[in-house]
Amino acid sequence: MPSSSSSSSVVVGIDEDLMQLKDRLIGMQTKLEIVPIVGMGGVGKTTLARKLYEDSMIAYHFDYCAWTIVSQDYNMPQILKSLLRCITGNECDQLTNELKNMLHKSLFSRKYLIVLDDIWSTRFWDQIRIYFPDNNNRNRIVITTRESDVVNYASSS
Ligand SMILES: Nc1ncnc2c1ncn2[C@@H]1O[C@H](COP(=O)(O)OP(=O)(O)O)[C@@H](O)[C@H]1O
Ligand SMILES: [Mg+2]
């Protein structure tokens, strides 16, 4: 892959993927859908997810959009805080149970898009999924990962 500037017009070869993913995000399925982007490190997963997340049509379609980086040595309180920041617009110092409840409550009865970038383990998925209610509101969770195990696990849960 050529290293080039960050201008979106130089990102090549992802238009088709982008269109397919967009269709899934705004599609009619009412049930919460997990949308996986899977592949080796450096293949362009984060870039693709970013383009999707920053698309104006996508932003317009959802009530709430939130993005968080997970990675291997994830810090759960940090992750929950960053999701809360995306959704409420507020920075919180300490993650209380009240705030955790607020995350779940804010998402309930809303149409939300969550991006969880770079998940390494099914254990992480078990810990995070309790915060994402399924209210048949056409909610979507995009996950990027190198592990097909994670995709299978999350898709079947
Ligand atoms: N379609 C593309 N065309 C050109 N460069 C790309 C493309 N997708 C990603 N890149 C570049 O490749 C590198 C790795 O991409 P990244 O999205 O971080 O991969 P991953 O998340 O799969 O590890 C980055 O420097 C990024 O700018
Ligand atoms: Mg990445």
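Preceding block: the structure.
Report follows, based on the coordinates. Just so you know, these numbers come straight off a predicted model, no measurement behind them.

Cut-offs and rules
- Residues numbered from 1 in each chain as written.
- Chains lettered and ligands numbered in written order.
- Predicted model: local features only at pLDDT ≥ 70, side-chain atom pairs only at ≥ 80, totals over all residues.
- Heavy atoms only, no water.
- Helix = DSSP H or I, 4+ residues; strand = E, 2+ residues; numbered from the N terminus.
- Buried < 20%, exposed > 50% of the residue type's maximum accessible area, 1.4 Å probe, protein only.
- Salt bridge = Lys/Arg side-chain N within 4 Å of Asp/Glu carboxyl O.
- Core = buried A, V, L, I, M, F, W, Y, C linked by side-chain atoms within 4.5 Å.
- Contact = heavy atoms within 4.5 Å.

What to know about unusual backbone geometry
Phase 1: The phi angle at Asp 118 is positive, at roughly 70°, despite the residue not being glycine.
Phase 2: Looking at the secondary structure, you find Asp 118 in strand β3 (residues 112-119).
Phase 3: Despite not being glycine, Arg 138 has its phi angle at roughly 60°, a positive value.
Phase 4: Note on placement: Arg 138 falls in the loop between α6 (122-128) and β4 (140-145).
Phase 5: Note on Arg 138: relative accessible area 19%, which makes it buried.

Side note on the side chain of Asp 55
Phase 1: Within the element layout of this structure, Asp 55 appears in the loop between α2 (45-54) and α3 (56-61).
Phase 2: On the accessibility criterion, Asp 55 (16% relative accessible area) is buried.

Some thoughts on the pattern of salt bridges
Phase 1: Applying the stated criterion across every chain yields a total of six salt bridges.
Phase 2: Two residues, Lys 22 and Asp 55, come together in a salt bridge whose shortest N-O distance is 2.8 Å. Separated by 33 residues along the polypeptide, Lys 22 in helix α1 (residues 15-26) and Asp 55 in the loop between α2 and α3 bring together distant segments of the chain. Accessibility assignment for this pair places Lys 22 and Asp 55 in one class, buried.
Phase 3: Among the salt bridges present, the one from Glu 33 reaches Arg 140, with a minimum N-O distance of 3.6 Å. A residue pair is termed long-range when its members are at least 10 positions apart, and Glu 33 in strand β1 (residues 33-38) and Arg 140 in strand β4 qualify at 107 residues. Across this residue pair, the class does not change: Glu 33 and Arg 140 are buried.
Phase 4: Here the salt bridges share partners, and the residues they tie into one network are Arg 24, Glu 33 and Arg 140.

Some details on the nonpolar core
Phase 1: Counting 29 residues, the largest nonpolar core has Ile 114, Leu 116, Phe 124, Ile 128, Phe 132, Ile 141 and Ile 143 as its most contacted members.
Phase 2: By residue number, the principal contributor to this core is helix α4 (residues 76-88), which donates six residues.
Phase 3: With residues near it in sequence (within four places) discarded, Ile 128 still touches Met 76, Ile 79, Leu 80, Leu 83 and Leu 116.
Phase 4: In this structure, Ile 14, Tyr 53, Leu 113 and Val 142 belong to the second largest nonpolar core, which totals 17 residues.

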